[in-house]
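Observations on the three-dimensional arrangement
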Amino acid sequence: MKTILTHLGVALMSTTMMVSAASAETIRWARASDAMTLDPHSQNQGVTHTFAHHIYETLLDRDVQGTLTPRLATEWNLKDGDPTTWVFKLREGVTFHDGAAFTAEDVVFSLDRARSAKSNMRQLHADVAEVIAVDDLTVEVKMKGPSPLYPNNLTNTFIMDKTWSEANNVIEVQDYAAGEDNYAVRNTNGTGPYILQSREVDVRSVLTANDKHWAETKPAVTEIIYLPISDNATRVAALLSGEVDIVQDVPVQDIERLSGTGGIKVETGPENRVIYFGYKFGDAPLASSDIKDRNPINDPRVREAMELAVDRDAIKQVVMRGQSIPTGVATPPFVNGWTEELDAYPAVDLEKAKALLTEAGYPNGFSITLNTPNNRYVNDEAISQAVVGMLGRIGIKVALSSLPITQHSPLVMNSTTDFYMLGWGVPTFDSAYVFNDLVHTKEGNYGAYNAGLYSNPELDEKIRSLGSETDLDKRNATIAEIWKVVKEDRVLLPIHNQVLTYAMKDNITLPVHPENQPRMTSVTLD
Amino acid sequence: MTTQDSPTQHTPAPPPRPAGWLKRALDSDMFYSWRRSPVTVVATVVALALILMALFAPLIAPYNPFDPSSLNLMDGFTPPATKAAFTDNWFLMGADHQGRDVLSSIMYGSRISLLVGVLATLLAMSLGIALGLTAGYNGGVIDAVIMRIADIQLSFPAILIALLIFGIARGVIPASQQENMAIWVLILAIGLSNWAQFARTVRGATMVEREKDYVSAARIMGVHPILILIRHILPNVLGPVLVIGTIGLALAIIEEATLSYLGVGVPPTQPSLGTLIRIGQQFLFSGEWWILFFPGVTLVLLALSVNLLGDWLRDALNPRLR
Amino acid sequence: MLAFIIRRLAQSLLVMLVVALISFMMFRYVGDPIESMVGVETRLEDREAMRDRLGLNDPVPMQFLRFVGNAVQGEFGISYRLQQPVTELILSRLPATIELAFTSATLALVVGVVLGVFTALRPKSFMAAGVMGASLVGVSLPTFLIGIGLIYVFSVELGWLPSFGRGAVVELGWWRTGFLTESGVKSLILPAITLSLFQMTLIMRLVRAEMLEVMRTEYIRFARARGLTRRAVNFGHALRNTLVPVITITGLQLGSVIAFAIVTETVFQWPGVGSLFINSVQVVDVPVMAAYLLFIALVFVIINLVVDILYYVVDPRLRVDGGGSGH
């Protein structure tokens, strides 16, 4: 009570007013959810990274084509004669928001922090042995073995100021288990193009341009108001009624309406994410099936029949309203190892599918339960529902169990599903990332998402060899060999690559980012 | 209030036996009042039509929307009264995003909504009446305990209780049975999350009723408490129970829709009206209005006619209001 | 009276404890908190390590004791999702929900009572039938659909009112109010209407039913016979006598308004505790859910207490047995 009274006078003067109309430089940016934290090493999650990229910076960046570009590091290469050490040359004349200079010490500190026990970024740095500052602007990263693709892992690892972190006692990543609050969760000091002005979690955050940023071209957008709006209809309505300028997560069914509305335009582009179905391998009968003495999925003819029954083009046309890229391989085209040949998929052939099922001993089909998430991927539940119908036509009776991702994900993690849908993004742009988690036998650090428990010792060996192979041609040949087997064996049933859609006022242009991490620095205004 | 005098000159409250009820109802003022109210007649006709449509859905529906293998995805988003682009199918109320006939979906969906609504409300009502009567009549410790439980129940939004029961069910029911059990879990969840309103109202009315002379008289005469409850108190608390019960039925149907909106309803392959609305709501801005409109209208008609019937029933049962 | 209040307080405490147990139990079964905290790329061993650090591997009774001990001190830990102290989060969101709930409840009460009295006094009029009909249509639509419909009409098509958020706010100490700015008040209109419709209908129907009932009593006939004005009879006698059930229901509804706000807040992106809660449920953010449930329980317990006391004040007959040693 007392607080209210004493603060009353002061507070009334310090009224925070909403900017009622967008001035030319202010962008009101809406998306479905908010960043989970401002601590740059606490979470490995896309929405959080996207927000952090505006305040903090990484050593390397990736452009919209997916190629690595310099950011805080200007050059990077393997040390002469030492394939296990990466050398990074740092950018000169960079300062943090508080004015402190950016040096190699900050990089050493940040990489060490990112690979500490409490960091969720640490698996990306699992092969790092040591990080050393050679001089003020050179950093060496010693790896445990040859790691030819390590720089790919650096595009979401942000650099913090060592002095600032020490002064504010945030040397360690926040341990929320111990109930710790952490200064870095709500305060920032990066080198990035924008400075955080205010933040109300889940409601709005305000960022303003950093005048002292190193980039030569100043961003067109000088103020960002970031607005998480979780409900699809409300988010679209906000753009239609002119209350926001950019909507990042646009439901596919609203694209037509939005692009047909005067003053609004829509940008689309492929995302680095594939949507696929997985199923249970092994001889043990399936828990959800009426075939009690064996596992029908384990028969390659059944898997082939399933693929022949799934009409990817119809899914694209009706469920996705054209906003998807059907594929026959469980990796997006951005990824090293993808080929057009792999990407091809067979035409629907119900007769052949039925014949294959009969041949396999299931003339009347069988029953199985499909687990699908319903709030994670674009129209995930609708895709699964369509697949239920398509498989029904060859006699496979699929029961659909639809859950939010928080409840769906444990089923996949614990392999307690017979048939499931999942999406897979490839942040390293390399096939090894797919193989490690989806194809390798589930053991140790490998196969965490191999929910179907597929196991092929020959492939496992090849997959493990990818991590340390320095001859890139040889490595690519191995990748091709692995893909050939994965595709022939139908380890997974890929459906399509997702397409991203951003909608915005027509005087604004924001190109689609393949990892769905758009930068407001890339916005151009007419 | 104090002058309101004693025993019941009530028409008998709706007794459990339908045959007797029917005979007496036709003779009684109730039938007369029903005929006198055109709104009620219309409501009855609409409600009956919807109930019959739901009951006989498998016989009269043009398609079977619950059989996924009969659907053709390419029929998706066919507008009402239009022939599909790639097949010979024709949809009076259009097709939804899966190529499902909206009319057939409504017929089958109403079945599920009505089943969930009626059973959940009956569950809530019987539980609420039993506990409310017990609490109000006995008072003291029993009252305190029951009302504290009611407090606890009320302290959770119905949606939360439903989520809780869903979560527990998920832990208890084996994965292969969950789809079949979903509807029963829903009934249990909605039923258990709504009984407290009944209990509180019944208890309040019982406490007032209990103090009346005729009840005291019966008690002094040594009439068994259960008989007193059923014969004297129950008829007098039925009025408020019907007010809550009618709204409760519509509420249960709507709660099912809200649970679907939050993603824990019946499976999308066997949609209820609520699920159909949730699905249709996604197409509000994109111009496929029929996917939302027809199920929405059906739900409103259903809830409205039930509410109107309840209104009339309440007035008819309460002779003082005529 | 004092003994009665003390007893009710003790009962309330017990209620809170049971709610704590229930909410704690619930979270053991709904979703997996670890999944919500980590990215999809996190490996199994990291997950296990986190599970350990969060104490999720401890025996369940121990987890519960720890939970209650902390809750008593207003300590609900750090939100898994937002990584901020839960108590602080809830306090920062509370003003938004209270302002919304208060506005909705006032709207519901005022409009509900007025319409209820009106329809009771002129039960046969065309207007009354229209109001009753409209009210029935109103309760026959799901809240989220009403909200989206209002947004569609008033924000998208007409462009009169904002479709989401609270608009500009003024800070009075830690309390952020939207009442003092034009955009704040404008933003409040659609969510308040959406949230109040259901309660409004309930109150209206109740007032109407009670009024009709009371108007039939000899007491009112007698008052009329005494030659009192229609106005005096209607409001001085009839309306006053409908107050007991109206107080009960309105009191109970105030709590459910806060609870029902979950859906409304989600649709309108209203930055209150309800949307905080539903966002937390989706990612199984246990600390926030626990704190929210206990908060709602506390609100209800207090409301129940107040309603019980009001009962005593309004209806003296209840005073005798309720306060005494039951039957």
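What you see is a predicted model, and the numbers here were worked out from it, not measured in a lab. (Residues numbered from 1 in each chain as written. Chains lettered and ligands numbered in written order. Predicted model: local features only at pLDDT ≥ 70, side-chain atom pairs only at ≥ 80, totals over all residues.)

Helix and strand counts for chain B stand at 13 helices and 2 strands. Relative to its full complement of 322 residues, chain B shows a buried share of 55%. Long-range contacts, defined as pairs at least 24 residues apart, comprise 70% of the intrachain contacts of chain B with a sequence gap of at least 6. (Helix = DSSP H or I, 4+ residues; strand = E, 2+ residues; numbered from the N terminus. Buried ≥ 20, exposed ≤ 12 C-beta atoms within 10 Å, placed from the backbone. Contact = placed C-beta atoms within 7 Å.)

What follows deals with the overall build of chain A. For chain A, the count of helices and strands is 16 helices and 19 strands. The C-alpha atoms of chain A give 25 Å as radius of gyration, which agrees with the globular expectation for 526 residues (24 Å, within 12%). Projected onto its principal axes, the C-alpha positions of chain A cover 80 × 60 × 50 Å. Here chain A holds 526 residues, and 52% of them are scored as buried. Considering only contacts within chain A whose residues lie at least 6 apart along the sequence, 67% involve residues at least 24 apart. (Rg over C-alpha atoms; globule rule 2.2 N^0.38 Å.)

In this section: the interface of chain A and chain B. Contacts between chain A and chain B engage 31 residues on the former and 24 residues on the latter. For the side of chain A that touches chain B, the secondary structure elements donating two or more residues are α6 (232–240), α7 (255–260), α9 (312–319), α12 (380–392) and β15 (397–403) of chain A. For the side of chain A that touches chain B, the element with the most residues is α12(A), which contributes 7 residues. Residue composition of the side of chain A that touches chain B, grouped by class: 13 nonpolar, 12 polar and 6 charged. (Nonpolar A, V, L, I, M, F, W, Y, C, P; charged D, E, K, R; others polar.)

The next subject is the environment of Ile187(B). All names here are of chain B. Position of Ile187 among the secondary structure elements: in helix α8 (residues 178–192). What makes Ile187 buried here is the crowd of 22 C-beta atoms within 10 Å. Counting along the chain gives 125 residues from Ile187 to Pro62, while the straight-line C-alpha distance between them is 28 Å. Ignoring anything within four residues of it in the chain, the contact list for Ile187 reads Val116, Leu119, Ala120 and Leu123.

A few words on the nonpolar core. Ranked by internal contacts, the top residues of the largest apolar core, which has 320 residues, are Ile246(A), Tyr276(A) and Ile253(B). For this core, the leading source of residues is helix α11 (residues 225–261) of chain B, giving 19 residues. Ile246(A) has contacts with Ile27(A), Trp29(A), Ala30(A), Tyr502(A), Met504(A), Ile508(A) and Leu510(A), leaving out every residue within four places of it along the chain. (Core = buried A, V, L, I, M, F, W, Y, C linked by C-beta atoms within 7 Å.)

Before going further, it helps to examine the domain arrangement of chain A. All names here are of chain A. Parsing chain A into structural domains produces domain 1 (2–32 + 193–263 + 506–525), domain 2 (60–167) and domain 3 (271–499). Computed over C-alpha atoms, the centres of domain 1 and domain 2 are 30 Å apart. Across the boundary between the two partners, domain 1 contributes 7 residues, which contact 7 residues of domain 2. (Domains from an automatic or database assignment.)

This part takes up the packing of helix α5 (residues 102–138) of chain B against helix α12 (residues 273–281) of chain B. Residue and element names in this part refer to chain B. Where α5 meets α12, the axes come as close as 7 Å, and the angle between the chain directions of the two elements is 125°. In terms of orientation, α5 and α12 fall into the oblique class. Residues Ser105, Ile106, Gly109, Ser110 and Ser113 of α5 touch α12, and the partners they reach there are Leu273, Gly274 and Leu276. (Axes fitted to C-alpha atoms, helices over the stretch in contact; angles between N-to-C directions. Parallel < 35°, antiparallel > 145°, perpendicular 65-115°, else oblique.)

The phi angle at Phe429(A) is positive, at roughly 60°, despite the residue not being glycine. Turning to its location among the elements, Phe429(A) is positioned in the loop between β16 (419–425) and α14 (431–439). We note that Ala81(B) has phi near 50°; this positive angle belongs to a residue other than glycine.

The next subject is helix α3 (residues 104–114) of chain A. Residue and element names in this part refer to chain A. Among the 11 residues that make up α3, 8 are buried, leaving the element largely enclosed by the rest of the structure. Inspection of α3 places Ala104, Asp106, Val107, Phe109, Ser110, Leu111, Arg113 and Ala114 among the buried residues, and these make up the whole buried set. Considering only its buried residues, α3 is in contact with β5 (82–90), β6 (128–135), β7 (138–143) and α4 (162–167).

This part covers the pairing of strand β10 (residues 223–228) of chain A. Residue and element names in this part refer to chain A. The buried count for β10 comes to 5 of 6 residues, which makes it a mostly enclosed element. As paired strands, strand β1 (residues 26–31) and β10 are joined by 6 bridges and run parallel to one another. For Arg31, the partnering residue across the bridge sits in β10 and is Pro228. Relative to β10, strand β9 (residues 204–209) is paired through 4 bridges, and the arrangement is antiparallel. The residue of β10 that forms the bridge with Leu207 is Ile224. (Pairing = 2+ DSSP bridges.)

To continue, consider the confidence of the model for chain A. Residues and elements named next belong to chain A. Taken residue by residue, chain A gives an average pLDDT of 88. The fraction at 70 or more is 94%. Averaged pLDDT values over the elements of chain A bottom out at 40 in helix α1 (residues 2–13) and peak at 96 in helix α8 (residues 300–309). Counting interchain partners and residues more than four positions distant, the pLDDT-below-50 stretch residues 1–23 has 25 contacts. (pLDDT = per-residue confidence, 0-100.)

Below, the discussion takes up the sheet that holds β5(A). Residue and element names in this part refer to chain A. Spatially, the 4 strands line up as an open sheet ordered β4-β5-β7-β6, and their pairing is antiparallel. In this open sheet, the two strands that pair with only one neighbour each are β4 (73–79) and β6. Strand-to-strand, the axes of this sheet are offset by a mean angle of 20°, without reference to chain direction. The pairing of β6 with β7 spans 6 bridges and is antiparallel.

In a regular helix each residue adds 1.5 Å, so 34 residues correspond to 50 Å; helix α8 (residues 182–215) of chain C covers only 43 Å between its end C-alpha atoms and thus falls short of that length. Of all bends in α8(C), the biggest is about 40°, found at Ser196(C). (Expected span 1.5 Å × (residues − 1). Bend = angle between axes of the 7 residues up to and from the residue.)

Caution applies to low-pLDDT regions: their predicted coordinates should not be interpreted in detail. Residues and elements named next belong to chain B. This prediction gives chain B a mean pLDDT of 79; 81% of its residues lie at or above 70. Mean pLDDT across the elements of chain B ranges from a minimum in helix α1 (residues 18–27), with 63, to a maximum in α5, with 91. Contacts for the low-pLDDT stretch residues 1–15, under 50 throughout, to residues beyond four places or in other chains number 23 contacts. Interface confidence for the predicted complex, expressed as ipTM, amounts to 0.73; the pTM equals 0.78.

Next up on the list: the pairing of strand β17 (residues 492–505) of chain A. All names here are of chain A. Extensive coverage of β17 is indicated by the burial of 13 of its 14 residues. Of the strand pairs in this sheet, strand β11 (residues 246–247) and β17 are connected by 2 bridges, and their pairing is antiparallel. The residue of β17 that forms the bridge with Val247 is Ala503. Relative to β17, strand β12 (residues 264–279) runs antiparallel, the two being bridged by 12 bridges. Directly across from Gly278, in β17, lies its bridge partner Leu492. Of the strand pairs in this sheet, strand β13 (residues 324–326) and β17 are connected by 3 bridges, and their pairing is antiparallel. Paired with Ile325 across the two strands is Asn497, which belongs to β17.

This part takes up the packing of α11(B) against α12(B). Residues and elements named next belong to chain B. Contact pair α11 / α12: the axes reach a minimum separation of 8 Å and the direction vectors enclose 45°. Classified by the interaxial angle, the pair formed by α11 and α12 is oblique. Considering how the two elements wind past one another, α11 and α12 form a crossing that is right-handed. Each of Ile253, Glu256, Ala257, Ser260 and Tyr261 in α11 lies in contact with α12, whose residues at this interface are Leu273, Gly274, Thr275, Ile277 and Arg278. In the contact of α11 with α12, the residues fall into 5 nonpolar, 3 polar and 2 charged. (Left-handed = near helix turned anticlockwise from the far one by under 90°.)

Residue and element names in this part refer to chain C. In this structure, Gly165 sits in the loop between α7 (143–157) and β1 (170–172). For the pair formed by Gly165 and Phe268, sequence separation is 103 residues and the distance between their alpha carbons is 6.4 Å. The contacts of Gly165, once residues within four sequence positions are left out, are Ser187, Gln269 and Pro271.

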